[in-house]
Every structure is written in C-alpha cells, then in structure tokens.
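# Structural overview
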Amino acid sequence: NKKFSKLCKETGIMGKLVTSTDVDIIFSKYKPKGGRTITVKEFGVILDELSAKRFPKKSAEDAKVAMRDLITGKAPGTKGTTKVSKKGATGSSGINAEYGQINLSV
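Each value, and the rule that gives it
Residues numbered from 1 in each chain as written. Predicted model: local features only at pLDDT ≥ 70, side-chain atom pairs only at ≥ 80, totals over all residues. Heavy atoms only, no water. Helix = DSSP H or I, 4+ residues; strand = E, 2+ residues; numbered from the N terminus. Expected span 1.5 Å × (residues − 1). Buried < 20%, exposed > 50% of the residue type's maximum accessible area, 1.4 Å probe, protein only. Contact = heavy atoms within 4.5 Å. Phe/Tyr/Trp six-rings, centres within 6.5 Å; stacked < 30°, edge-to-face > 60°. Arc of directions from axis to C-beta. Axes fitted to C-alpha atoms, helices over the stretch in contact; angles between N-to-C directions. Parallel < 35°, antiparallel > 145°, perpendicular 65-115°, else oblique. Left-handed = near helix turned anticlockwise from the far one by under 90°.

## Re helix 3 (residues 40-54)
Taking 1.5 Å as the rise per residue, helix 3 with 15 residues should run 21 Å; its terminal C-alpha atoms sit 20 Å apart, in good agreement. Turning to helix 3, its buried residues are Glu42, Gly44, Ile46, Leu47, Leu50 and Ser51. Where the residues of helix 3 are buried, they touch helix 1 (2-11), helix 2 (20-30) and helix 4 (60-71).

## Comments concerning the packing of aromatic side chains
Summed over the entire model, instances satisfying the criterion amount to two aromatic pairs. Aromatic side chains phenylalanine 4 and phenylalanine 43 sit 5.9 Å apart centroid to centroid with 90° between the ring planes, which places their arrangement in the edge-to-face category. Taken together, the residues span a long stretch of sequence, with phenylalanine 4 in helix 1 and phenylalanine 43 in helix 3 at a distance of 39 residues.

## Quick look at the environment of lysine 53
Here lysine 53 is to be found in helix 3. Placed 35 residues apart in sequence, lysine 53 and valine 18 show a C-alpha to C-alpha distance of 6.2 Å. Those residues in contact with lysine 53 that sit more than four places away from it in its chain are Leu17, Val18, Asp22 and Ile26.

## A short note on helix 4
Helix length check: helix 4, at 12 residues, gives a terminal C-alpha distance of 17 Å against a target of 16 Å (1.5 Å per residue), a fit within 8%. Among all positions of helix 4, only Ala63, Ala66, Met67, Leu70 and Ile71 are buried. On an axial view of helix 4, the arc spanned by its buried residues comes to 125°, and they lie on one face. Of the exposed residues in helix 4, those oriented more than 90 degrees away from the buried face are Glu61 and Asp69. Residues of helix 4 that are buried make contact with helix 1 and helix 3. Glycine 73 lies just past helix 4 and shows a positive phi near 80°.

## Some remarks on the packing of helix 1 against helix 2
When two helices pack together, their arrangement is given by the angle between the helix axes and the distance between those axes. Here helix 1 crosses helix 2 at 135°, and the two axes come no closer than 10 Å. Taken together, the axes of helix 1 and helix 2 are oblique relative to one another. In the packing of helix 1 onto helix 2, the handedness of the crossing is right-handed. From helix 1, Phe4, Ser5 and Cys8 reach across to helix 2, where they touch Val23, Asp24 and Phe27.

Right, here's the structure in full:
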C-alpha cells in the first residue's frame with residue numbers, strides 16, 4: 001500500500017481531487033483480505049476507480065484513457081532515497097568489494 005501510494009503521488013494521480021486517503025481506501029477495497037499485494041487486474045480496476053475521481057468532468061471512458069495517459073512512460077522516482085557515503089571507509093569487503101555499491105531502494 002505504501003508503494004502504491006508513492007506511485008500515485010509520483011505519477012500525478014494524487015492531488016487536489018484524489019487524496020492519500022482515497023488511494024488507501026480504494027487499494028484496501030481491492031486487495032485480498034490479509035494480503036499486501038494486488039494483481040495486475042486489480043491494479044487496472046483501482047486505476048479505473050481513481051480515474052473517475054481524478055477526472056470528474058470527463059466521461060468514464062475518457063477518464064480511463066486520461067488516467068492511462070497520465071501514468072504511461074513514468075518510472076519510479078528516487079525521491080526519499082539516500083546515497084551511502086564512502087567517506088572515512090577503511091575498505092570494502094564482501095559483496096560491496098566484488099560488485100560495488102548496490103542500492104536496493106524501491
């Protein structure tokens with residue numbers, strides 16, 4: 001849910017008309033009970049429901065198309081990630097020595 005909210009914020013779905021509360025409620029409505037993930041089909045249904053809130057003056061079909069256009073080609077941002085400083089390091093060992101710094105931020 002946290003990652004889905006981040007996606008909505010970074011792609012411009014969230015704003016004046018769609019709040020984080022709206023996103024949380026709709027996500028919870030479609031995710032399986034006790035689960036933390038959604039399928040691609042559920043993702044599409046959630047986007048369709050959010051599109052009606054995001055584009056209230058458009059017809060349902062036009063709103064769906066506008067929503068797809070809004071998120072098409074967008075990649076995850078790096079906002080909130082931190083860079084690891086090597087300043088003062090005495091040397092690397094293990095996986096960092098072999099492959100360099102690995103960033104697993106999502």
